[in-house]
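Commentary on secondary and tertiary structure
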Amino acid sequence: MTNKNGISQEAQKDPLKVFDKKLKALKSDNKGHEIEKSSSGMATGLKYASEFSAAVLVGAFFGYLADKYIGTTPWGLLVGLIFGFGAGVINVIRAAKEGMNG
Amino acid sequence: MIAAGLDPIAQFEIHKLVELSIGKYDISFTNSSLMMVVAVLSVSIWLLLSSKKSLVPGRAQSVAEISYEFVADMVKSAAGKEGLRFFPFVFTLFIFILFANLLGMIPFFFTTTSHIIVTFTLAMMVMSLVIGYGVFKNGFKFLKLFWPSGIPMAILPFVSILEIISFVSRPISLSVRLWANMFAGHILLKLFAGFSIMMITGLGFFPGAIGALIPYAMTLALTPLEFLVAFVQAYVFALLTCVYLSDALHPGHH
């Protein structure tokens, strides 16, 4: 039902509700797709590189600490590196699962 | 031979503006601190001026409302309804990093986030909040984060070690990612812009200007990309903060 101005009576009574409906309809159309898809290749590379190398560094650092304070030279560093490598792979898999580029 | 003005690293140098020290600790006010203050001030001015709360928002208020909803949606989807108690923290982080990144895009402005110690401090703030709140809320159950359920006993200790290393590596990867993106982006921009200047100084104006077109086109293409990176990295930092905070809220299910 519209009057001569082309505004429905419902809209005249409660323009806020109508506006809210329109806003929600618009919002459901584009829900943040653009951010996750638009990203540079360098950012993607840095994401995986930082995830992987950080874990390797931390693993090696733990091994180094064990060597220094328990005196297991050189096994701590070796085992720590291997565990760091494993944790790095886990990190990369998790980062890929999150599915965000950046 | 590179002219002094074309050194791509020189833009990251720290200069002391006001010399200060407490005991033997140097706490001088540097150009980096100045840019942080500028970032905080511009955010405050924007939010204070746009808080007239009119029903039909003006431009500034509209942007403020959009960014509120953007961050609130992100917190809700990554950390659940409970995560909303961390909304002020996440919003502050997001807006501060976003402004620091974007202000760094203005020529001759210093980029605070291009120093790893700054991003690492931000990441350590996130991690101490995660550990502090996780232990406060869950007590010893917080350690379930490192002792996942549903894994055979034979390999559980190894998985646990991997989980601990993975957890400790989080602040490093979080800070390195933001820092490396800003650092590399600014070096790239400066390099390509510097190439076109070198072309002209090296080859003379006429052949040099033609040669300068190619690096100039690269600079032109990289600038909008850098604005995108500035936004995306602030977004990623805030999103990962939410993901880590959801670990503190519900340890034990990944």
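Presented here is an overview of the structure given in this document. (Residues numbered from 1 in each chain as written. Chains lettered and ligands numbered in written order. Predicted model: local features only at pLDDT ≥ 70, side-chain atom pairs only at ≥ 80, totals over all residues.)

A word on the overall build of chain A
- When helices and strands are counted, chain A shows five helices and zero strands.
- The order of helices and strands in chain A, counted from the N terminus, is α-α-α-α-α.
- Long-range contacts, defined as pairs at least 24 residues apart, comprise 54% of the intrachain contacts of chain A with a sequence gap of at least 6. (Helix = DSSP H or I, 4+ residues; strand = E, 2+ residues; numbered from the N terminus. Contact = placed C-beta atoms within 7 Å.)

Here's the deal with the overall build of chain B
- Each helix and strand in chain B was counted, giving six helices and four strands.
- When the helices and strands of chain B are listed from N to C terminus, the series reads β-β-β-β-α-α-α-α-α-α.
- Along the three orthogonal principal directions, the C-alpha set of chain B runs to about 75 × 55 × 45 Å.
- Expressed as a percentage of its 254 residues, the buried residues of chain B come to 29%.
- In chain B, 65% of the contacts between residues at least 6 apart in sequence involve partners at least 24 apart. (Buried ≥ 20, exposed ≤ 12 C-beta atoms within 10 Å, placed from the backbone.)

Digging into the nonpolar core
- Among the nonpolar cores identified, the biggest contains 56 residues, and V90, F94, I97, A234, F237, A238 and C242 of chain B are the most heavily contacted of them.
- Elements with a contribution of two residues or more to this core: α4 (41–70) and α5 (75–98) of chain A together with α1 (31–49), α2 (59–79), α3 (87–104), α4 (116–138), α5 (156–203) and α6 (205–249) of chain B.
- Those residues in contact with F237 of chain B that lie beyond four places of it in its chain are L93, I97, L174 and L178 of chain B. (Core = buried A, V, L, I, M, F, W, Y, C linked by C-beta atoms within 7 Å.)

Digging into the environment of E13 of chain B
- Structurally, E13 of chain B can be placed in the segment before β1 (16–18).
- Sequence separation of E13 of chain B and T121 of chain B is 108 residues, and the distance between their C-alpha atoms is 19 Å.

Structural notes on the packing of α5 of chain A against α5 of chain B
- It is at 9 Å that the axes of α5 of chain A and α5 of chain B come closest, and there the two elements cross at 70°. The orientation of α5 of chain A relative to α5 of chain B falls into the category roughly perpendicular. Here α5 of chain A runs over α5 of chain B; the crossing is right-handed. Facing α5 of chain A, whose interface residues are F83, G84, G86, A87, I90 and N91 of chain A, α5 of chain B presents I161, L162, I165, S166, S169 and S173 of chain B.
- Broken down by class, the residue content of the contact of α5 of chain A with α5 of chain B amounts to six nonpolar, six polar and no charged. (Axes fitted to C-alpha atoms, helices over the stretch in contact; angles between N-to-C directions. Parallel < 35°, antiparallel > 145°, perpendicular 65-115°, else oblique. Left-handed = near helix turned anticlockwise from the far one by under 90°. Nonpolar A, V, L, I, M, F, W, Y, C, P; charged D, E, K, R; others polar.)

Comments concerning the interface of chain A and chain B
- Opposite the 24 residues of chain A that make contact, chain B presents 21 residues.
- Counting only elements with at least two residues in the side of chain A that touches chain B, the list comes to α4 and α5 of chain A.
- Of all the elements, α4 of chain A adds the most residues to the side of chain A that touches chain B, at twelve residues.
- A per-class count over the side of chain A that touches chain B returns 13 nonpolar, nine polar and two charged.

Describing the environment of L245 of chain B
All names here are of chain B.
- If you trace the backbone, L245 turns up in helix α6.
- A tally of 24 C-beta atoms within 10 Å means that L245 is categorised as buried.
- The contacts of L245, once residues within four sequence positions are left out, are A79, G83, F86 and V130.

The quantities given are spatial measurements derived from coordinates; they are silent on function.
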